[in-house]
Amino acid sequence: MKKSFLILIASTLLSLEGLAQQDGFFASQLQAQKKFENDFLQAVKPERFKVHLAELTKNPHIAGTPENELVKDYMVQIMSQAGMDVKVWPYDVYLPNHPGTSELEVISPVKLTLSQKEGALPEDPFSADPRLHLGFNAFSGSGDVTAEVVYVNYGTREDFMKLVEMGVPLEGKIAIARYGGNFRGYKAKYAEQHGMVGLVVFTDPKDSGFTRGEVYPKGPFYNETTIQRGSMLTLDFTGDPLTPNRPALPLDGPVKIKRDDPATVDFHTIPVTPIGYGAAKEILSRMKGEDVPATWQGGLPFPYKITGGPELKVRVMVDQKPDFIRANNVVGTFIGKDHPDEWIILGSHYDAWSFGATDPNSGTAMLLTFAEALGELYKNGQKPSRSILIGHWDAEEQGVIGSTEWVEHLKEELGAKAISYMNFDGGVSGRNFGASAAPTLKKLIIDASKEVIYPDSAKTVFEIWAGKNAEPGIGNLGGGSDHIAFYMHVGIPSLSGGSGGQTAYHSNYDNFYYYSKFSDPSFKMGGAVAQLFGLVALRQANATVIPYDVPRYAKDLKGHFAQAVANVKGMDSNFSGFDQVEAALKELEARSEEYQNALKNAMASEKLSAAKLKKINTELIGLEKSWIDPKGMYYGDWYKSLYVCNDPFSGYASWILPGIQYEVAIRNTTRLEEWDTRYAKAILDLSKKIDKLSKLFVAP
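No experiment lies behind these values; they were computed from the predicted model shown.

A.B. asks: What exactly am I supposed to notice about the overall build of the chain here?
C.D. replies: In terms of regular secondary structure, the chain is built from 20 helices and 19 strands. Taken over the C-alpha trace, the chain has a radius of gyration of 26 Å; the compact-globule value for 700 residues is 27 Å, and the two agree within 12%. Overall size of the chain, expressed as C-alpha extent along the three principal axes, is 85 × 60 × 60 Å. Residue burial in the chain is summarised as follows: out of 700 residues, 61% are buried.

So this is what it looks like as structure tokens:
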């Protein structure tokens, strides 16, 4: 008995020691929070993830279809049953949700019609569904062209620059590009800019196929018919293409929104179609030009050529008509008991190119599992202090549209109330944990990962994730998903996280059968991801002081500006540095240290009044807004954040300090002084806010 009692005491002391590291809570609150967290972890039912995923992925459900309405109705039902206040937000957005008609042929030296659809497989009952579409790229231009072919590698900006440098004729030719290296829309953009008349895109077996391992259905890699669908939209803003900076409210609603004429929007005009590498082989194997550079060689078993020669002619025909469709965002709220107007938002889109088992509905199923677990506590009176919202966004696949319209609709309210946005697009697509985040949220993820057991092991997620490193790496957010408007347009600290792996990305094979065979056969990762990010949400929701890692701004910025200076010196050896920024960073570092000391002392004293705490948390919500510059970026003023943006030349990559990154990319030195001033102003504004917070902590 005595030995057991001593073990219990030791265990309790260790638990309290861990709790003492939890940011934002008074010591007197830690035991209650620990109970809340333990109850939540117990409430997560991993088996519910499998139930939800099976239901969500019964049908192919592209945005604007009756099948997607069924998914919407299911989410409304589950969240309502969990006790959430659920609202559907409708928008009428302009997009193609059907391939229309398309054909791809080799015209000469032989006449051959090429496959544009995955093969039906006897092992996979989903693959023969008659509602599955041909492979198509949304926002392809419409046209019917026959021309010679040029292989453009990944079709990146650098690839096209290389082709021009090599003197390869591009005008009037059809480009064939492999997926990867950039957002697919930029392949079309650069091809069109260079006078090319059509584009064929394929996934090379070197990137996913037989050179990587067993192909589907024996293994997880692309087989020769697997096709990656996806949007081609590359405007200088995100969201509905006809309503930049304003929500695409329903056409039949009481409030009328000005919509741009589609004829004035900079859509691609050349026809584009995606294919599998089996069909691509029929083109590439007949090309007769010079060998490609060594790094351009793909995985098909013959030398790749740059040009096809005059004998090889290919026909690309696409007739695709965008139109207005009703997109429905589903947003549920667990209303906070103390601070209902302070919001923690979790989200994922739910529309898919086919069944969407990994992308996006593994994230959807995880969020429903999270909602049910928190709902169990909520019904028993264990309510979070702040409101927790779960958003399921529509029409993401055609261009991150649904979430953007909601953010534009509620821009002012979100700017005042939203503490964070957490995105889970395809959030449980495998068994490899990872995350990207704003500086203020990185520590929260790492801390929570120490509390959750990695499935089928005795180790925590942190131990598996970090491996031999002292701390796991957390990336910076780029483009490609629903965090964009929250983070880059409004300035809400955001993260994206979950577990990933090899998938049947954007293909007709991304279904429940594939998931159960290759993504996570145990179906346990969904529960673990729900637990981990549930803790991240609950710690933000219940903390007395919003637990942002404020000093992380200064720490990360020092490294980012050191890299920026090195990048500028790469194009201008006489560049001496950003003097104003350097002075501002010293100020930020000093103010951040003072803040951390003031916070520590205030939390130890536990003497902060409710009125004082309200002021402190309001100021904390405003910190990220220091990066929001009304002038925005030169490549698109919809992108307001000086801190982060998706790379405007590739679409996916994360650009930190994007104003400077852009000047480096276009090799322009004329605006460097302007950026020194703009960045210094933002950093000093952030410093002043942090200084104000420090004074609030110590003032009587």
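Continuing now.
A.B. asks: Is there a simple way to think about the nonpolar core in this case?
C.D. replies: It is characteristic of soluble globular proteins that their nonpolar side chains tend to be buried jointly. Grouped together as the largest cluster of nonpolar side chains are 217 residues, with contacts concentrated most on Leu284, Trp406, Leu414, Phe561, Leu620 and Trp627. Among all residues touching Trp406, those that are not within four sequence positions of it are Trp89, Tyr91, Asn329, Val331, Ile345, Leu389, Trp393, Leu414 and Phe486. If you look at the next biggest cluster of nonpolar residues, it comprises 6 residues, including Tyr216, Ala504, Tyr509 and Tyr513.

A.B. asks: Please clarify how the environment of Gln531 should be interpreted in this entry.
C.D. replies: In this structure, Gln531 sits in helix H15 (residues 525-542). Exposure remark for Gln531: the relative accessible area of 17% places this residue in the buried category. Considering only alpha carbons, one finds Gln531 and Met366, 165 residues apart in sequence, at a separation of 9.5 Å. Beyond its immediate sequence surroundings of up to four residues, Gln531 is in contact with Phe40, Leu41, Val44 and Val452.

A.B. asks: What's the story with the packing of helix H16 (residues 552-571) against helix H19 (residues 658-665) in this structure? I'm lost.
C.D. replies: Where H16 meets H19, the axes come as close as 10 Å, and the angle between the chain directions of the two elements is 20 degrees. By the angle class used here, H16 and H19 are roughly parallel. As H16 packs across H19, the resulting crossing turns out to be left-handed. Each of Phe561, Ala564, Asn567, Val568 and Met571 in H16 lies in contact with H19, whose residues at this interface are Ile660, Gln661, Glu663 and Val664. For the contact of H16 with H19, the per-class residue count stands at 6 nonpolar, 2 polar and 1 charged.

A.B. asks: Just to check I follow, could you spell out the sheet that holds strand S6 (residues 149-151) for this structure?
C.D. replies: Sheet strands pair via backbone hydrogen bonds, and the direction of the pair is either parallel or antiparallel. Here 4 strands make up an open sheet; going across it, the order is S6-S7-S8-S10 and the pairing parallel. Taken across any chain shown, the strands that pair with only one partner, and hence form the sheet edges, are S6 and strand S10 (272-275). Mean inter-strand twist for the sheet, computed between neighbouring axes without regard to direction, equals 25 degrees. Relative to S10, strand S8 (residues 198-202) is paired through 4 bridges, and the arrangement is parallel. Residue pairing across strands places Val201 opposite Pro274, the latter belonging to S10.

A.B. asks: So what exactly am I meant to see when it comes to the packing of aromatic side chains here?
C.D. replies: To describe a pair of aromatic rings, one takes the distance between the centres and the angle between the planes. This model, assessed by the stated rule, comprises 45 aromatic pairs. Taken together, the ring pairs in this structure connect Phe561, Phe575, Phe578, Tyr634, Trp675 and Tyr679 into an aromatic cluster. Above the plane of the ring of Tyr634 lies Arg671, whose end atom (NZ or CZ) is 3.8 Å from the centre.

A.B. asks: Any chance you could explain the pattern of salt bridges here in plain terms?
C.D. replies: Oppositely charged side chains can pair when the atoms bearing their charge come close. Per the counting criterion, the structure on display carries 47 salt bridges. Between Lys58 and Glu55 there is a salt bridge whose closest N-O contact spans 3.2 Å. A relative accessible area of 45% means that Lys58 is categorised as partly exposed. Glu55 sits in the partly exposed class, given a relative accessible area of 34%.

A.B. asks: Got a minute to help me understand the pairing of strand S7 (residues 174-178) in this structure?
C.D. replies: The side chains of a regular strand alternate, residue by residue, between the two faces of the sheet. Across the 5 residues that make up S7, a large majority, 5, are buried. Where burial is concerned, the two faces of S7 agree: the one with Ile174, Ile176 and Arg178 and the one with Ala175 and Ala177 are both buried. Relative to S7, S6 runs parallel, the two being bridged by 3 bridges. Paired with Tyr151 across the bridge in S7 is Ile176. Taken together, S6, helix H5 (residues 157-165) and S7 constitute a β-α-β crossover, and its handedness is right-handed. Pairing between S7 and S8: 5 bridges, direction parallel.

A.B. asks: Could you clarify how one ought to interpret the packing of helix H3 (residues 46-56) against helix H8 (residues 361-379) in this entry?
C.D. replies: Where H3 meets H8, the closest approach of the two axes is 8 Å, and the angle between their N-to-C directions is 135 degrees. Our classification of the angle between H3 and H8 gives oblique. Helix-helix and strand crossings are classified by hand; for H3 and H8 the assignment is right-handed. Residues Arg48, Phe49, His52, Leu53 and Leu56 of H3 form the contact with H8, whose participating residues are Asn361, Ser362, Thr364, Ala365, Met366, Leu368, Thr369 and Glu372.

A.B. asks: Explain the confidence of the model for the chain to me, please; I cannot follow it from the model alone.
C.D. replies: Detailed reading of the predicted coordinates is not advisable wherever pLDDT falls low. Considering every residue of the chain, the mean pLDDT works out to 95; 97% of them sit at 70 or more. Contacts from residues 1-20, a stretch scored under 50 in pLDDT, to residues over four places away or in other chains number 6 contacts.

A.B. asks: Even after reading the chapter, I still don't get the side chain of Ser499, so can you show me in this structure?
C.D. replies: As for its position among the elements, Ser499 is in strand S17 (residues 494-500). Reaching out from Ser499, the side chain makes a polar contact with the backbone oxygen of Gly430 at a distance of 2.9 Å. Excluding residues that lie within four positions of it along the chain, Ser499 makes contacts with Gly426, Gly427, Val428, Ser429, Gly430, Arg431, Asn432, Phe433, Met525 and Val529.

A.B. asks: Mind showing me how you'd approach the sheet that holds strand S16 (residues 432-437) here?
C.D. replies: Taking strand neighbours across the sheet as the criterion, the 7 strands line up as S1-S12-S14-S13-S15-S17-S16 in an open arrangement whose pairing is mixed. Edge positions in the open sheet fall to strand S1 (85-95) and S16, since each of these has one partner strand only. Looking at each pair of strands side by side, their axes are set apart by 20 degrees on average, direction ignored. As judged from the 3 bridges shared by strand S15 (residues 418-423) and S17, these two strands associate in the parallel manner. Along S17, the bridge assignment pairs Tyr421 with Ser494.

A.B. asks: Got a minute to help me understand helix H17 (residues 579-605) in this structure?
C.D. replies: Helical periodicity: at 3.6 residues per turn, an α-helix aligns residues three or four positions apart in one direction. In this model, H17 (27 residues) spans 40 Å end to end at C-alpha, consistent with the 39 Å of a helix rising 1.5 Å per residue. For H17, the set of buried residues is Val581, Ala584, Leu585, Leu588, Arg591, Ser592, Tyr595, Ala598, Leu599, Ala602 and Met603. On its buried side, H17 packs onto H16, helix H18 (610-621) and helix H20 (672-698). Following H17 by one or two positions, Glu606 adopts a phi angle in the positive range, close to 55 degrees.

Criteria and thresholds
Residues numbered from 1 in each chain as written. Predicted model: local features only at pLDDT ≥ 70, side-chain atom pairs only at ≥ 80, totals over all residues. Heavy atoms only, no water. Helix = DSSP H or I, 4+ residues; strand = E, 2+ residues; numbered from the N terminus. Rg over C-alpha atoms; globule rule 2.2 N^0.38 Å. Buried < 20%, exposed > 50% of the residue type's maximum accessible area, 1.4 Å probe, protein only. Core = buried A, V, L, I, M, F, W, Y, C linked by side-chain atoms within 4.5 Å. Contact = heavy atoms within 4.5 Å. Axes fitted to C-alpha atoms, helices over the stretch in contact; angles between N-to-C directions. Parallel < 35°, antiparallel > 145°, perpendicular 65-115°, else oblique. Left-handed = near helix turned anticlockwise from the far one by under 90°. Nonpolar A, V, L, I, M, F, W, Y, C, P; charged D, E, K, R; others polar. Pairing = 2+ DSSP bridges. Phe/Tyr/Trp six-rings, centres within 6.5 Å; stacked < 30°, edge-to-face > 60°. Lys NZ or Arg CZ within 6 Å of the ring centre and 35° of its normal. Salt bridge = Lys/Arg side-chain N within 4 Å of Asp/Glu carboxyl O. Right-handed = clockwise from strand over helix to strand, strands pointing away. pLDDT = per-residue confidence, 0-100. Polar contact = N/O pair within 3.5 Å; in protein donor to acceptor, adjacent residues only side chain to side chain. Expected span 1.5 Å × (residues − 1).

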